Amino acid sequence: MAENLKGCSVCCKSSWNQLQDLCRLAKLSCPALGISKRNLYDFEVEYLCDYKKIREYYLVKWRGYPDSESTWEPRQNLKCVRILKQFHKDLERELLRRHHRSKTPRHLDPSLANYLVQKAKQRRALRRWEQELNAKRSHLGRITVENEVDLDGPPRAFVYINEYRVGEGITLNQVAVGCECQDCLWAPTGGCCPGASLHKFAYNDQGQVRLRAGLPIYECNSRCRCGYDCPNRVVQKGIRYDLCIFRTDDGRGWGVRTLEKIRKNSFVMEYVGEIITSEEAERRGQIYDRQGATYLFDLDYVEDVYTVDAAYYGNISHFVNHSCDPNLQVYNVFIDNLDERLPRIAFFATRTIRAGEELTFDYNMQVDPVDMESTRMDSNFGLAGLPGSPKKRVRIECKCGTESCRKYLF
(Lines give C-alpha, C1' and ligand atoms only; values in the text may rest on other atoms or scores of the structure.)
Protein backbone atom coordinates (compact mmCIF):
# COMPACT_ATOMS: atom_id res chain seq x y z
CA MET A 1 0.00 0.00 0.00
CA ALA A 2 2.84 2.36 0.86
CA GLU A 3 4.36 1.80 -2.57
CA ASN A 4 1.07 2.62 -4.31
CA LEU A 5 0.75 5.93 -2.46
CA LYS A 6 4.28 7.07 -3.11
CA GLY A 7 4.38 10.48 -4.79
CA CYS A 8 0.69 11.21 -4.17
CA SER A 9 -0.48 14.49 -2.65
CA VAL A 10 -3.80 15.69 -1.28
CA CYS A 11 -5.08 19.28 -1.26
CA CYS A 12 -5.50 20.73 2.20
CA LYS A 13 -8.73 22.65 2.92
CA SER A 14 -7.01 24.85 5.50
CA SER A 15 -4.99 27.89 4.47
CA TRP A 16 -1.30 28.35 5.28
CA ASN A 17 -2.18 30.88 7.99
CA GLN A 18 -4.77 28.56 9.54
CA LEU A 19 -2.23 25.74 9.75
CA GLN A 20 0.28 28.08 11.40
CA ASP A 21 -2.37 29.12 13.93
CA LEU A 22 -3.10 25.47 14.73
CA CYS A 23 0.61 24.87 15.42
CA ARG A 24 0.77 27.83 17.78
CA LEU A 25 -2.40 26.76 19.58
CA ALA A 26 -0.96 23.26 20.05
CA LYS A 27 2.49 24.72 20.90
CA LEU A 28 4.10 22.63 18.13
CA SER A 29 7.07 23.59 15.97
CA CYS A 30 6.80 22.86 12.24
CA PRO A 31 9.74 23.76 9.94
CA ALA A 32 7.59 23.16 6.82
CA LEU A 33 5.17 25.89 8.00
CA GLY A 34 7.92 28.19 9.22
CA ILE A 35 6.99 27.69 12.91
CA SER A 36 10.00 27.36 15.19
CA LYS A 37 10.63 27.70 18.92
CA ARG A 38 11.87 31.23 18.24
CA ASN A 39 8.61 32.46 16.70
CA LEU A 40 6.19 29.97 18.27
CA TYR A 41 4.77 32.69 20.52
CA ASP A 42 4.65 35.46 17.90
CA PHE A 43 0.96 36.21 17.57
CA GLU A 44 -0.70 38.15 14.75
CA VAL A 45 -3.25 40.89 15.36
CA GLU A 46 -6.50 40.20 13.49
CA TYR A 47 -8.10 43.53 14.45
CA LEU A 48 -8.39 45.98 17.35
CA CYS A 49 -11.59 45.96 19.43
CA ASP A 50 -11.27 48.83 21.90
CA TYR A 51 -8.99 51.62 23.08
CA LYS A 52 -7.97 53.37 26.31
CA LYS A 53 -6.21 56.67 25.88
CA ILE A 54 -4.62 56.41 29.32
CA ARG A 55 -1.21 54.81 28.72
CA GLU A 56 -2.55 53.98 25.23
CA TYR A 57 -3.88 50.44 25.58
CA TYR A 58 -5.68 48.43 22.86
CA LEU A 59 -7.97 45.43 23.17
CA VAL A 60 -6.56 42.98 20.62
CA LYS A 61 -8.38 40.18 18.80
CA TRP A 62 -5.64 37.68 17.96
CA ARG A 63 -5.76 35.79 14.70
CA GLY A 64 -6.69 32.14 15.21
CA TYR A 65 -8.03 32.69 18.74
CA PRO A 66 -11.64 33.17 19.95
CA ASP A 67 -12.93 36.55 21.16
CA SER A 68 -12.76 35.30 24.74
CA GLU A 69 -8.96 35.27 24.53
CA SER A 70 -8.60 38.89 23.35
CA THR A 71 -6.21 40.84 25.57
CA TRP A 72 -5.40 44.45 26.45
CA GLU A 73 -1.94 45.37 25.18
CA PRO A 74 0.15 48.54 25.44
CA ARG A 75 0.99 50.33 22.20
CA GLN A 76 4.67 49.37 22.41
CA ASN A 77 3.76 45.66 22.21
CA LEU A 78 2.04 46.05 18.85
CA LYS A 79 3.87 46.00 15.53
CA CYS A 80 0.76 46.25 13.32
CA VAL A 81 1.27 49.79 12.00
CA ARG A 82 -1.27 49.47 9.18
CA ILE A 83 -4.00 48.11 11.49
CA LEU A 84 -3.33 50.85 14.05
CA LYS A 85 -3.60 53.60 11.42
CA GLN A 86 -6.83 52.15 10.06
CA PHE A 87 -8.30 51.82 13.58
CA HIS A 88 -7.69 55.49 14.37
CA LYS A 89 -8.93 56.56 10.93
CA ASP A 90 -12.19 54.67 11.51
CA LEU A 91 -12.43 56.10 15.03
CA GLU A 92 -11.98 59.71 13.91
CA ARG A 93 -14.46 59.33 11.06
CA GLU A 94 -17.11 57.84 13.35
CA LEU A 95 -16.58 60.52 16.01
CA LEU A 96 -17.18 63.19 13.37
CA ARG A 97 -20.27 61.38 12.11
CA ARG A 98 -21.64 61.31 15.67
CA HIS A 99 -20.83 65.03 16.01
CA HIS A 100 -18.44 64.37 18.88
CA ARG A 101 -15.51 66.67 19.51
CA SER A 102 -12.54 65.77 17.36
CA LYS A 103 -10.43 64.98 20.44
CA THR A 104 -10.31 61.23 21.13
CA PRO A 105 -12.10 60.34 24.41
CA ARG A 106 -10.21 58.67 27.25
CA HIS A 107 -12.50 55.64 27.02
CA LEU A 108 -14.71 54.46 24.16
CA ASP A 109 -18.38 53.90 24.91
CA PRO A 110 -19.64 50.36 24.13
CA SER A 111 -21.57 51.39 21.01
CA LEU A 112 -18.50 53.07 19.53
CA ALA A 113 -16.26 50.10 20.32
CA ASN A 114 -18.82 47.74 18.80
CA TYR A 115 -18.93 49.86 15.62
CA LEU A 116 -15.14 49.65 15.27
CA VAL A 117 -15.28 45.85 15.62
CA GLN A 118 -18.02 45.61 12.98
CA LYS A 119 -16.02 47.92 10.69
CA ALA A 120 -12.92 45.76 11.08
CA LYS A 121 -14.91 42.60 10.30
CA GLN A 122 -16.52 44.30 7.29
CA ARG A 123 -13.14 45.38 5.94
CA ARG A 124 -11.82 41.82 6.21
CA ALA A 125 -14.93 40.49 4.43
CA LEU A 126 -14.48 43.03 1.64
CA ARG A 127 -10.82 42.07 1.25
CA ARG A 128 -11.79 38.40 0.91
CA TRP A 129 -14.42 39.33 -1.67
CA GLU A 130 -11.86 41.44 -3.54
CA GLN A 131 -9.52 38.44 -3.66
CA GLU A 132 -12.35 36.22 -4.93
CA LEU A 133 -13.24 38.69 -7.69
CA ASN A 134 -9.64 38.92 -8.86
CA ALA A 135 -9.26 35.15 -8.77
CA LYS A 136 -12.30 34.77 -11.05
CA ARG A 137 -11.58 37.60 -13.49
CA SER A 138 -9.98 36.67 -16.82
CA HIS A 139 -9.19 40.27 -17.79
CA LEU A 140 -6.05 42.33 -17.26
CA GLY A 141 -7.61 45.10 -15.15
CA ARG A 142 -7.58 44.50 -11.40
CA ILE A 143 -10.58 45.06 -9.12
CA THR A 144 -10.47 46.75 -5.72
CA VAL A 145 -13.34 47.13 -3.24
CA GLU A 146 -13.97 50.02 -0.85
CA ASN A 147 -16.70 51.01 1.60
CA GLU A 148 -16.08 54.05 3.78
CA VAL A 149 -19.79 54.92 4.00
CA ASP A 150 -21.61 52.22 5.99
CA LEU A 151 -21.27 48.67 7.30
CA ASP A 152 -22.63 46.88 4.24
CA GLY A 153 -20.46 43.97 3.16
CA PRO A 154 -20.21 41.99 -0.08
CA PRO A 155 -23.46 41.22 -1.92
CA ARG A 156 -24.76 37.83 -0.83
CA ALA A 157 -26.23 36.73 -4.16
CA PHE A 158 -23.75 37.60 -6.89
CA VAL A 159 -21.45 35.38 -8.98
CA TYR A 160 -18.68 36.99 -11.03
CA ILE A 161 -18.47 35.79 -14.65
CA ASN A 162 -16.39 37.00 -17.60
CA GLU A 163 -18.70 36.25 -20.52
CA TYR A 164 -22.34 35.56 -21.24
CA ARG A 165 -23.94 32.67 -19.38
CA VAL A 166 -26.44 31.08 -21.75
CA GLY A 167 -29.86 30.36 -20.26
CA GLU A 168 -32.07 27.36 -20.92
CA GLY A 169 -33.28 26.99 -24.49
CA ILE A 170 -30.79 29.45 -26.00
CA THR A 171 -27.91 28.54 -28.32
CA LEU A 172 -24.93 30.66 -29.34
CA ASN A 173 -23.82 29.55 -32.80
CA GLN A 174 -20.09 29.90 -33.45
CA VAL A 175 -19.02 31.80 -36.57
CA ALA A 176 -18.07 29.52 -39.49
CA VAL A 177 -15.55 31.72 -41.33
CA GLY A 178 -12.85 34.27 -40.60
CA CYS A 179 -10.83 36.85 -42.50
CA GLU A 180 -7.66 36.17 -44.53
CA CYS A 181 -6.06 39.59 -43.87
CA GLN A 182 -2.37 40.16 -43.36
CA ASP A 183 -3.08 43.62 -41.89
CA CYS A 184 -6.73 44.12 -40.95
CA LEU A 185 -6.48 47.89 -40.46
CA TRP A 186 -4.34 49.01 -43.43
CA ALA A 187 -4.72 46.15 -45.91
CA PRO A 188 -8.03 44.37 -45.26
CA THR A 189 -8.85 41.50 -47.58
CA GLY A 190 -12.43 41.77 -48.79
CA GLY A 191 -13.08 44.50 -46.24
CA CYS A 192 -12.04 42.19 -43.38
CA CYS A 193 -14.79 41.09 -40.95
CA PRO A 194 -16.61 44.45 -40.88
CA GLY A 195 -16.61 44.71 -44.69
CA ALA A 196 -17.92 41.18 -45.07
CA SER A 197 -20.96 42.37 -43.09
CA LEU A 198 -21.21 45.62 -45.11
CA HIS A 199 -19.91 47.79 -42.28
CA LYS A 200 -16.89 49.98 -41.53
CA PHE A 201 -13.76 49.13 -39.56
CA ALA A 202 -14.59 50.24 -36.01
CA TYR A 203 -11.21 51.29 -34.55
CA ASN A 204 -8.23 53.51 -35.18
CA ASP A 205 -4.64 52.34 -34.62
CA GLN A 206 -4.95 53.20 -30.91
CA GLY A 207 -7.95 50.92 -30.41
CA GLN A 208 -10.40 53.83 -30.02
CA VAL A 209 -13.83 53.42 -31.58
CA ARG A 210 -14.40 55.73 -34.54
CA LEU A 211 -17.97 54.75 -35.37
CA ARG A 212 -20.91 56.78 -34.21
CA ALA A 213 -23.21 55.19 -31.64
CA GLY A 214 -25.85 53.06 -33.33
CA LEU A 215 -23.53 51.41 -35.84
CA PRO A 216 -22.52 47.82 -34.99
CA ILE A 217 -18.95 46.70 -34.39
CA TYR A 218 -17.71 43.51 -36.12
CA GLU A 219 -14.44 42.27 -34.63
CA CYS A 220 -12.17 39.54 -35.95
CA ASN A 221 -12.97 36.12 -34.56
CA SER A 222 -11.41 32.79 -33.61
CA ARG A 223 -11.35 31.63 -37.24
CA CYS A 224 -9.49 34.69 -38.55
CA ARG A 225 -5.84 34.37 -39.61
CA CYS A 226 -4.80 37.59 -37.85
CA GLY A 227 -3.20 37.29 -34.42
CA TYR A 228 -3.95 38.51 -30.91
CA ASP A 229 -2.44 41.94 -31.63
CA CYS A 230 -4.81 42.62 -34.53
CA PRO A 231 -6.24 46.16 -34.18
CA ASN A 232 -9.71 44.71 -34.80
CA ARG A 233 -9.60 42.80 -31.51
CA VAL A 234 -10.51 45.21 -28.72
CA VAL A 235 -13.65 44.19 -26.81
CA GLN A 236 -12.62 40.51 -26.82
CA LYS A 237 -9.45 41.38 -24.87
CA GLY A 238 -11.57 42.37 -21.91
CA ILE A 239 -11.22 45.07 -19.26
CA ARG A 240 -7.75 46.63 -19.29
CA TYR A 241 -8.17 49.31 -16.61
CA ASP A 242 -7.90 48.91 -12.84
CA LEU A 243 -11.35 49.63 -11.41
CA CYS A 244 -12.81 50.06 -7.90
CA ILE A 245 -16.21 48.93 -6.64
CA PHE A 246 -17.11 51.50 -3.99
CA ARG A 247 -20.05 52.38 -1.75
CA THR A 248 -21.66 55.67 -2.76
CA ASP A 249 -22.47 58.25 -0.08
CA ASP A 250 -25.73 59.48 -1.65
CA GLY A 251 -27.95 56.43 -1.42
CA ARG A 252 -27.15 54.90 -4.82
CA GLY A 253 -25.66 51.73 -3.33
CA TRP A 254 -22.48 50.41 -4.91
CA GLY A 255 -20.79 52.16 -7.82
CA VAL A 256 -17.65 51.78 -9.95
CA ARG A 257 -14.81 54.27 -10.36
CA THR A 258 -11.74 54.04 -12.54
CA LEU A 259 -8.30 54.07 -10.91
CA GLU A 260 -6.67 55.09 -14.20
CA LYS A 261 -7.20 57.77 -16.79
CA ILE A 262 -9.35 56.53 -19.68
CA ARG A 263 -9.06 58.23 -23.07
CA LYS A 264 -12.11 59.26 -25.05
CA ASN A 265 -13.60 56.50 -27.25
CA SER A 266 -11.65 53.77 -25.44
CA PHE A 267 -13.29 50.44 -24.59
CA VAL A 268 -14.00 50.16 -20.86
CA MET A 269 -16.10 47.03 -20.17
CA GLU A 270 -18.87 44.73 -21.38
CA TYR A 271 -22.30 44.33 -19.84
CA VAL A 272 -22.22 40.63 -18.94
CA GLY A 273 -24.89 38.43 -17.45
CA GLU A 274 -27.22 35.53 -18.11
CA ILE A 275 -28.96 35.49 -21.51
CA ILE A 276 -32.65 34.70 -21.06
CA THR A 277 -35.76 34.95 -23.22
CA SER A 278 -37.96 38.02 -23.04
CA GLU A 279 -40.70 35.88 -21.53
CA GLU A 280 -38.40 34.80 -18.69
CA ALA A 281 -37.26 38.41 -18.30
CA GLU A 282 -40.87 39.47 -17.82
CA ARG A 283 -41.32 36.88 -15.08
CA ARG A 284 -38.11 37.87 -13.29
CA GLY A 285 -38.92 41.54 -13.76
CA GLN A 286 -42.00 41.20 -11.59
CA ILE A 287 -39.70 40.08 -8.77
CA TYR A 288 -37.06 42.73 -9.42
CA ASP A 289 -39.75 45.45 -9.42
CA ARG A 290 -40.40 44.78 -5.75
CA GLN A 291 -36.66 45.05 -5.06
CA GLY A 292 -36.19 48.25 -7.07
CA ALA A 293 -33.56 46.44 -9.21
CA THR A 294 -32.61 47.39 -12.77
CA TYR A 295 -30.38 44.58 -14.08
CA LEU A 296 -32.45 43.48 -17.11
CA PHE A 297 -30.83 44.70 -20.33
CA ASP A 298 -32.80 44.06 -23.54
CA LEU A 299 -30.87 42.78 -26.57
CA ASP A 300 -33.18 44.63 -28.95
CA TYR A 301 -30.71 45.45 -31.73
CA VAL A 302 -33.02 43.93 -34.37
CA GLU A 303 -35.88 42.51 -32.31
CA ASP A 304 -36.77 42.15 -28.65
CA VAL A 305 -36.28 38.39 -28.21
CA TYR A 306 -33.52 38.07 -25.61
CA THR A 307 -32.47 39.90 -22.44
CA VAL A 308 -29.28 39.96 -20.37
CA ASP A 309 -29.95 39.52 -16.67
CA ALA A 310 -26.96 40.60 -14.56
CA ALA A 311 -28.73 40.41 -11.20
CA TYR A 312 -27.08 37.16 -10.07
CA TYR A 313 -24.46 36.36 -12.74
CA GLY A 314 -22.44 39.33 -13.94
CA ASN A 315 -19.14 41.17 -14.08
CA ILE A 316 -18.16 44.58 -12.69
CA SER A 317 -20.79 46.27 -14.90
CA HIS A 318 -23.36 44.91 -12.40
CA PHE A 319 -22.31 47.77 -10.09
CA VAL A 320 -22.17 50.63 -12.63
CA ASN A 321 -24.76 53.32 -11.82
CA HIS A 322 -27.07 55.30 -14.08
CA SER A 323 -26.49 58.94 -14.99
CA CYS A 324 -28.48 61.31 -17.19
CA ASP A 325 -25.09 62.73 -18.25
CA PRO A 326 -23.02 59.52 -18.56
CA ASN A 327 -19.39 59.02 -19.50
CA LEU A 328 -20.01 55.61 -21.11
CA GLN A 329 -21.79 54.84 -24.41
CA VAL A 330 -23.32 51.53 -25.46
CA TYR A 331 -22.25 49.74 -28.67
CA ASN A 332 -23.45 46.44 -30.13
CA VAL A 333 -20.52 44.11 -30.85
CA PHE A 334 -20.33 40.87 -32.85
CA ILE A 335 -17.32 38.54 -32.65
CA ASP A 336 -17.70 34.74 -32.62
CA ASN A 337 -21.49 34.86 -32.78
CA LEU A 338 -23.09 36.79 -35.67
CA ASP A 339 -26.72 36.30 -34.63
CA GLU A 340 -28.00 39.89 -34.65
CA ARG A 341 -30.46 39.02 -31.90
CA LEU A 342 -27.53 38.29 -29.57
CA PRO A 343 -24.99 41.13 -29.69
CA ARG A 344 -22.37 41.67 -27.03
CA ILE A 345 -22.92 44.95 -25.19
CA ALA A 346 -19.78 47.08 -24.89
CA PHE A 347 -19.25 50.39 -23.08
CA PHE A 348 -16.88 52.97 -24.58
CA ALA A 349 -15.82 56.28 -23.00
CA THR A 350 -17.74 59.30 -24.36
CA ARG A 351 -14.95 61.63 -23.17
CA THR A 352 -11.68 61.54 -21.28
CA ILE A 353 -12.38 60.08 -17.83
CA ARG A 354 -10.08 61.11 -14.98
CA ALA A 355 -8.59 58.65 -12.50
CA GLY A 356 -10.92 58.46 -9.48
CA GLU A 357 -14.02 59.40 -11.49
CA GLU A 358 -17.18 57.28 -11.26
CA LEU A 359 -18.21 55.36 -14.38
CA THR A 360 -21.85 55.71 -15.47
CA PHE A 361 -24.14 54.94 -18.38
CA ASP A 362 -27.68 56.01 -19.23
CA TYR A 363 -30.12 53.22 -18.38
CA ASN A 364 -32.52 54.71 -20.94
CA MET A 365 -29.93 55.55 -23.58
CA GLN A 366 -31.16 57.01 -26.87
CA VAL A 367 -29.07 57.11 -30.05
CA ASP A 368 -29.21 59.96 -32.58
CA PRO A 369 -29.83 59.00 -36.24
CA VAL A 370 -26.68 58.45 -38.28
CA ASP A 371 -25.97 57.58 -41.90
CA MET A 372 -26.37 53.84 -42.29
CA GLU A 373 -24.16 51.69 -44.46
CA SER A 374 -26.88 49.40 -45.78
CA THR A 375 -30.63 49.31 -46.23
CA ARG A 376 -30.72 46.38 -43.80
CA MET A 377 -29.34 48.61 -41.07
CA ASP A 378 -31.63 51.47 -42.12
CA SER A 379 -34.69 49.31 -41.69
CA ASN A 380 -33.61 48.24 -38.22
CA PHE A 381 -32.19 51.48 -36.91
CA GLY A 382 -35.22 52.26 -34.79
CA LEU A 383 -34.01 49.50 -32.48
CA ALA A 384 -30.27 50.15 -32.70
CA GLY A 385 -28.36 51.36 -29.68
CA LEU A 386 -30.62 49.60 -27.14
CA PRO A 387 -33.04 52.52 -26.60
CA GLY A 388 -35.16 50.58 -24.14
CA SER A 389 -32.45 49.04 -21.99
CA PRO A 390 -32.19 48.07 -19.24
CA LYS A 391 -35.73 46.75 -19.45
CA LYS A 392 -38.37 49.44 -18.84
CA ARG A 393 -40.58 48.53 -15.93
CA VAL A 394 -41.66 50.81 -13.08
CA ARG A 395 -41.13 54.53 -12.64
CA ILE A 396 -37.95 54.81 -10.57
CA GLU A 397 -36.65 58.07 -9.18
CA CYS A 398 -33.23 59.13 -10.49
CA LYS A 399 -30.49 60.06 -8.00
CA CYS A 400 -27.68 60.89 -10.43
CA GLY A 401 -27.57 64.56 -9.32
CA THR A 402 -26.47 65.97 -12.69
CA GLU A 403 -27.71 69.30 -14.04
CA SER A 404 -29.43 67.48 -16.91
CA CYS A 405 -31.15 64.96 -14.59
CA ARG A 406 -34.53 63.78 -15.92
CA LYS A 407 -35.70 63.06 -12.33
CA TYR A 408 -36.74 59.49 -13.22
CA LEU A 409 -34.76 56.56 -14.67
CA PHE A 410 -37.66 55.47 -16.89
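Remember, it's a predicted structure, so these values are computed and weren't measured experimentally.

Before going further, it helps to spend a moment on the overall build of the chain. On a plain count of helices and strands, the chain comes out with 7 helices and 18 strands. Relative to its full complement of 410 residues, the chain shows a buried share of 50%. In the chain, of all internal contacts separated by at least 6 residues, the share reaching a separation of at least 24 is 65%. Roughly 22,200 Å² of accessible area belongs to the chain as shown, and the carbon and sulfur atoms make up 48% of that amount.

Under the counting rule described, the total for this entry stands at 19 aromatic pairs. Residues Tyr271 and Phe347 carry aromatic rings whose centres are separated by 6.3 Å and whose planes lie at 70° to one another, so their mutual orientation is edge-to-face. Remark: Phe347 occurs in strand β17 (residues 344-349) and Tyr271 occurs in strand β10 (residues 267-271); sequence separation between them is 76 residues. For the pair formed by Tyr271 and Phe347, the shared burial category is buried. Feature note: the residues Trp129, Phe158, Tyr160, Trp254 and Phe319 constitute an aromatic cluster, connected by ring pairs. Over the aromatic face of Trp72 sits the side chain of Lys52, whose NZ or CZ is 4.3 Å from the ring centroid. Across from the ring centre of Tyr313, 4.0 Å away, lies the NZ or CZ of Arg165, which sits over that ring.

So, on to the pattern of salt bridges. Counted by the stated rule, this structure contains 26 salt bridges. Where Glu44 meets Arg63, a salt bridge forms, and the shortest distance between an N and an O atom there is 2.4 Å. Residue Glu44 is found in the loop between α2 (16-26) and β1 (45-52), and its partner Arg63 is found in the loop between β2 (57-62) and β3 (71-74); the two are separated by 19 residues along the sequence. Its relative accessible area of 13% is what places Arg63 among the buried residues.

Attention now goes to the side chain of Thr360. Assignment of secondary structure puts Thr360 in strand β18 (residues 360-361). Once residues within four sequence positions are removed from consideration, Thr360 is found in contact with Val320, Asn321, His322, Ser323, Asp325, Pro326, Asn327 and Leu328.

Turning to the nonpolar core, a few remarks are in order. Formed by 45 residues in total, the largest nonpolar core has its most connected members in Met269, Ile316, Phe347, Leu359 and Phe361. Beyond its immediate stretch of four places on either side in the chain, Phe347 contacts Ser266, Phe267, Val268, Met269, Tyr271, Phe297, Ser317, Leu328, Gln329, Val330 and Phe361. In terms of nonpolar packing, the next biggest core, distinct from the first, is built from 26 residues, Val209, Cys220, Val235 and Phe267 among them.

Along its 14 residues, helix α6 (residues 278-291) runs 19 Å from first to last C-alpha, staying within 8% of the 20 Å computed at 1.5 Å per residue. The principal kink in α6, of about 30°, is found at Gly285. When we look at burial in α6, the residues that qualify are Ser278, Ala281, Arg284, Gly285 and Tyr288. Residues of α6 that are buried sit in contact with β11 (274-277), β12 (296-299) and β13 (306-309). Two residues or fewer after α6 comes Gly292, characterised by a positive phi angle close to 70°.

Conventions and cut-offs
Residues numbered from 1 in each chain as written. Predicted model: local features only at pLDDT ≥ 70, side-chain atom pairs only at ≥ 80, totals over all residues. Heavy atoms only, no water. Helix = DSSP H or I, 4+ residues; strand = E, 2+ residues; numbered from the N terminus. Buried < 20%, exposed > 50% of the residue type's maximum accessible area, 1.4 Å probe, protein only. Contact = heavy atoms within 4.5 Å. Areas by Shrake-Rupley, 256 points an atom, 1.4 Å probe, with all protein chains shown as cover. Phe/Tyr/Trp six-rings, centres within 6.5 Å; stacked < 30°, edge-to-face > 60°. Lys NZ or Arg CZ within 6 Å of the ring centre and 35° of its normal. Salt bridge = Lys/Arg side-chain N within 4 Å of Asp/Glu carboxyl O. Core = buried A, V, L, I, M, F, W, Y, C linked by side-chain atoms within 4.5 Å. Expected span 1.5 Å × (residues − 1). Bend = angle between axes of the 7 residues up to and from the residue.

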